[in-house]
Structure formats: C-alpha cells, structure tokens
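One letter stands for each residue in the lines below.
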Amino acid sequence: MNVRSQPRVEKRPVKGGRQTIQARSSSFVRGLAWGEDRRFLLVLGASYIVLTFVVAGALDPFWRNNWDAQIFAGAGRSFFDGGSLFDLYARSRAQFYWPFPYPPLYAMVLAPFVWLHQVWPILPEDLLVRVPVVIADVGMAALIYALLRKQDRIAARIGALVWLINPVLFYQTAVQAHQESVWLVPVVAAYAWLSRWGRDRVWVPSLLLTLAVSLKQSAVLYLIPFGVYLLLGEGRWRKVLTLAGLFVFVFGGLALPFYLYSHDFWQMVFVAVPNMPVQTQSWVVWFLALTGYLKSQTESTFFLLRYQAPITLALVGGFSLVAVRRRLGWFESGLIITLLFFLTSKKVMAYHYPMVLPFLLLTYIPRRGWTLLSMSLLWISWIVVSPYYAPWASPEHFLLYAVLGTLNSLFFLALAVDTFMEGRLSARHGLGGGSRGQLVSLAILLTGGLVVASLLHPFSRWPVAPGQRVALVAGLLLATLLLMLLSHRLAWGAVRKRIAPPDEIEGLGWRPVVVAIVFSPLFFTWFTMTKEVTKLIERGVRVWGL
C-alpha cells in the first residue's frame, strides 16, 4: 500500500454506498486485528510485553516509581480515595511539585488499573500504570502492520517490529511510564480512515481525534489539518458541525465537571503547560541567550517563548492549508506536523519522541527509504540519551547545548522538507534506498543496549570501597558493551528468520561494534540522572579546554 496513493478527496461508489462502506469497514477491522500474520504479531507483542515489564521491574525503585509514575498513579487513585470524583486536579496540585497536567480522560483510563493495587496489593502501582501504555504500544504495532500489509508482508513486519523494538519506545513505557502511545493510536487510526475513505462517515475520525485530545492536549496538533480538510470540502458546514458537536459533547462533557469543581483544572491543563520552562534539545535554546528577558536560567519572557504554543498552532494551521490544497498524504502531513512541534516547542522531552515514529514508518517504508529511517532512528536515540540545557547545566557551556540543539533542528528541518518534496531530497543524496535489514538490525542493537543497561544499572548501587567505585562502573560499562553486542547477535538471528528468508535481508555488517561503543555508555550513564550525566559531559569539555 503506497500511502501517498491513498485517496485524499471523496471518491466513493455511487451504488450501494452504505453496504459498500460497511463491507470496507469490516475488511479494514479484520486487517487491523491480525491480517494474515497472526502468529508473528502474537509472538512480537508477547515478547515486547515480557521485555517491557522485565526492564521496568529490574530498574531500581527511583526509576521504576519515578515522579511521572507517581503522578499518574495519584491521578488514577483520585477517583476512589474517599474524596470527590472531581477533585483530581486539586489533590494533584496539593501532592506534587509537577501535578497532573492533562485532560481527565487519561486519569479515568488509569483508574481501574490503579484500583487493582487496592484489591491485590502485591501488584505494584508503578507497574500497573504502565499497562494501558503497553496495550496501546502493541495495538499501534497491529495498526501499522495492517496499514502496510497490502503493500508488502515483509515491510509490514518490519514496520510493526521497529515500532515496538526501539529504545525510544522502551524509554517512554518501561522507564518513564508516559502515555504518548495511548493518544497516538486514535490519531493514527483516524488518519488511516481518512487515507482510505476521505470524508465518508466523518463522525468516525472526528470521534477518534476528539478522544485523542481528551487524552492529551498535544493531539490538537493533528486535529487542525482535519478541521481544515473539512472546511475546504463539499458539505463542509454539516461536517464541521459534526466535528464541533462531538468535541463539545465528549471533551466538554468530560472536562466541565472538573472545571466547575475547581479552578485547578483550568490552571493545570491550559495555563501551567504553556508556562513551563524551556526543556528541549533544539535551536529554541538560543532564545535563552537573550539575558535581558531571563527570569531564570531556563525561563524567559521573550515573546517567541512566551507565546510558543499559539505560534506552533498557527504554523500547523498554515501548513495544514497548504497540505490539503496540495493533497499531501495524511501520514506525511502527520510527520511534518510532528517535526514542526519538535522545531518550535519549548518543551520536548525524551518521552515525546515516540510521536514521530508511526508517521515516519508509514511515510518512508512505502518509499523504501531504509537508509533515512536508520539515520532517523539513530539520531532520535541519541537525543533521548543526551543531556539538555537545564537549571543544573553550567551557563559557561551554553554554546555547546545551543549548537547540539541546532544540529537536531537542522536534521528535523531536512526531514520535513524531504517529506514535503516526496523524498526527492533523500534520493538525490543516496538516502532513498538502502537495506531494510540494516534498519531492523539497528533497532535490535539499540534496544538491546537500553535493555542491558537497565538490567545492569542496579548493580552500580553495590556498596564498595571508595577507591573501587571507578572500577565497578568501568566494569559495568564494559559488560554493557559486550552484552549489547551479544544480545544483538542472538536476537538478530531469530528475528531475521521470522521476517524474511535469510538471503532477502542483510544486517549491519561491522557497524554494530561502532554503534555499541558509542551508545552503550550513553545508555548506562542515563540512569545516573540527567543532572549527573550533564556534569560528566561538562567535565569532559573542561578537560579539552572548551
């Protein structure tokens, strides 16, 4: 299935419209569930679930039950802790320095899982809050597989595998317990519907996108092009009213009781998030060099930072108008919108980066852009483990963080331009082809590094004599490197047989050694806290006299 070839305007049969739509919907649901590769998806999904909870369970208590996991558990607990059903935001603000800042639907999703801890205390809350995210992760793999299956079975398997087996997703779910996957599933499902059936039964994508926004505000970025699409089409007012009515009924119906109960809802969902300090690894860091506007090291009153959220929304709106008029594919549009968010937002943390993966895979796998996909996975994995300019960073090394962030932004900008130009930029530079096996091999290698580092990190807390601490850490780093290479070798052989005949898919050759040498210490040192990693890197910069 070539995603760009999907109809982006209304092209529906004249006869038997209702039955035809129902038949196509039924066929799509069957393909979405399992397609013709049930065993592969079952084994992949089960392996991912087991590995995720092994990693989460092996982490030391600080990382397993980190501040986000505690906030999410508290949000779910607020519905049965003896208080009002609507005191979620008031209680969260009283308990946490960074309270629950999302619409109430995700807290409702978490509530039954957190409640299980009350029934069976042996089930830890910090693991239970990861269950809906893991379910969404596996659901997204099935969705990606179904969307790519008609094009090529091997490509569909690679898409599902790379979505699940990559360090970015493992960091989001196993380490941070964040929820990006939960709201991404309805967004991608809505775009899949639009890619196939245009404006047929507009209430389906309207409901899906409304649910996504009700789970997290970030999803509004993907609602904007849909609204523009409806405004520029036939029967636009009826369809726009359908979207507006569903949004008011669902989002408004969920949010209104919390808003009426306490002003904390408005403060957290609509005020606190836009006012957060700069937490990103992009060119946006340069604005903090304008010292005349600084409130603190990472807070500024400069207008491009103060009004960053509406500026990003306006840019997405302008792009949506161009994309709809140009009939750009929905997944290409989703990819560019995500990259615009990365380029302009002042808060893009490591757990945000799963946002780009579904759109990246659904755009570039049909184009056979394996080399560019491999580069993107490698680059994003670096961003996830690299330090950022935070309150604990040394201002004298500001230039280092600004330059590193600018390099990230230049890469994302080039990727956005290439997507808009239908891949002509990457093809011109030899990045439009490459080996699909290299992408799979790289995903397995990087994931193995993060998993091994997660399992070995608790050993760094062993009580040893002060003079032996360096030797212990050096030994663990060496073990991480060797086990990263060994796990890649073992997993690659097993995965290769399940994806395609051995002669049809090639690996990375000698490159895993180089990648492992670079990433194994980064994966391991990440678990010493970003603050300590930042100090470590800055110490190295001083050694070089910079």
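Definitions and limits used
Residues numbered from 1 in each chain as written. Predicted model: local features only at pLDDT ≥ 70, side-chain atom pairs only at ≥ 80, totals over all residues. Heavy atoms only, no water. Helix = DSSP H or I, 4+ residues; strand = E, 2+ residues; numbered from the N terminus. Contact = heavy atoms within 4.5 Å. Expected span 1.5 Å × (residues − 1). Buried < 20%, exposed > 50% of the residue type's maximum accessible area, 1.4 Å probe, protein only. Polar contact = N/O pair within 3.5 Å; in protein donor to acceptor, adjacent residues only side chain to side chain. pLDDT = per-residue confidence, 0-100. 1 Å grid on protein atoms, 1.4 Å probe; cavity = no way out; pocket = protein on both sides within 12 Å on 5 of 7 lines; lining within 4 Å. Points joined across faces, edges and corners; volume = space filled by probe spheres on them. Nonpolar A, V, L, I, M, F, W, Y, C, P; charged D, E, K, R; others polar. Phe/Tyr/Trp six-rings, centres within 6.5 Å; stacked < 30°, edge-to-face > 60°.

Caption draft 1: Looking closely at the side chain of Thr298. Along the chain, Thr298 turns up in the loop between β1 (294-296) and β2 (299-300). When residues no more than four places from it in sequence are discounted, the contact partners of Thr298 are Pro277, Val278, Leu288, Tyr389, Ala390 and Pro391.

Caption draft 2: Seen up close, helix α23 (residues 436-456). Relative to the 30 Å expected for 21 residues at 1.5 Å per residue, α23 spans 31 Å between its end C-alpha atoms, a close match to the ideal helical length. A large share of α23 lies buried, amounting to 19 of its 21 residues. The N-capping residue of α23, defined by a side-chain oxygen 3.2 Å from the backbone nitrogen of Gly437, is Ser435.

Caption draft 3: Highlighting the confidence of the model for the protein chain. Chain-level pLDDT for the protein chain is 85 on average; 88% of the residues reach the 70-or-more range. The secondary structure element of the protein chain with the lowest average pLDDT is helix α1 (residues 17-33), at 43, and the one with the highest is helix α18 (residues 330-344), at 97. pLDDT under 50 marks residues 1-35. Its contacts with residues more than four places away, or in other chains, come to 62 contacts.

Caption draft 4: Inspection of the layout of surface pockets at higher detail. Roughly 430 Å³ of internal volume is contained in the second largest pocket. Along the walls of the second largest pocket sit 18 residues, with Ser47, Leu51, Ile165, Ala491 and Val495 positioned nearest its centre. Of all the secondary structure elements, the ones that give two or more residues to the lining of the second largest pocket are α2 (38-58), α23 and α24 (469-499). No other element matches α2, which puts six residues into the lining of the second largest pocket. Residue composition of the lining of the second largest pocket, by class: 13 nonpolar, four polar and one charged.

Caption draft 5: Structural detail: helix α9 (residues 153-164). The end-to-end C-alpha distance of α9, which contains 12 residues, comes to 17 Å, matching closely the 16 Å that a straight helix rising 1.5 Å per residue would cover. Among the 12 residues of α9, 11 are classified as buried, and the element is accordingly described as predominantly covered. Listed in full, the buried residues belonging to α9 are Ile154, Ala155, Ala156, Arg157, Ile158, Gly159, Ala160, Leu161, Val162, Trp163 and Leu164. The opening residue of α9, the one whose side-chain oxygen lies 3.0 Å from the backbone nitrogen of Ile154, is Asp152.

Caption draft 6: Structural context of the packing of aromatic side chains. Counted under the stated rule, the structure contains 37 aromatic pairs. When the ring of Phe72 is compared with that of Tyr106, the centres are 5.6 Å apart and the planes differ by 90 degrees; the resulting orientation is edge-to-face. Of this pair, Phe72 sits in helix α4 (residues 67-77) while Tyr106 sits in helix α6 (residues 104-119), and the two are 34 residues apart along the sequence. In this pair, the class of Phe72 matches that of Tyr106, namely buried. Considering the side-chain rings of Tyr293 and Phe302, the 5.1 Å spacing of their centres and the 70 degrees angle between planes classify their relative orientation as edge-to-face. Residue Tyr293 is classed as partly exposed on the basis of its relative accessible area, which comes to 39%. Each member of the aromatic cluster is reached from another via a ring pair, and the members are Phe72, Phe79, Phe86, Tyr89, Phe100, Tyr102, Tyr106, Phe258, Tyr259, Phe265, Trp266 and Phe270.

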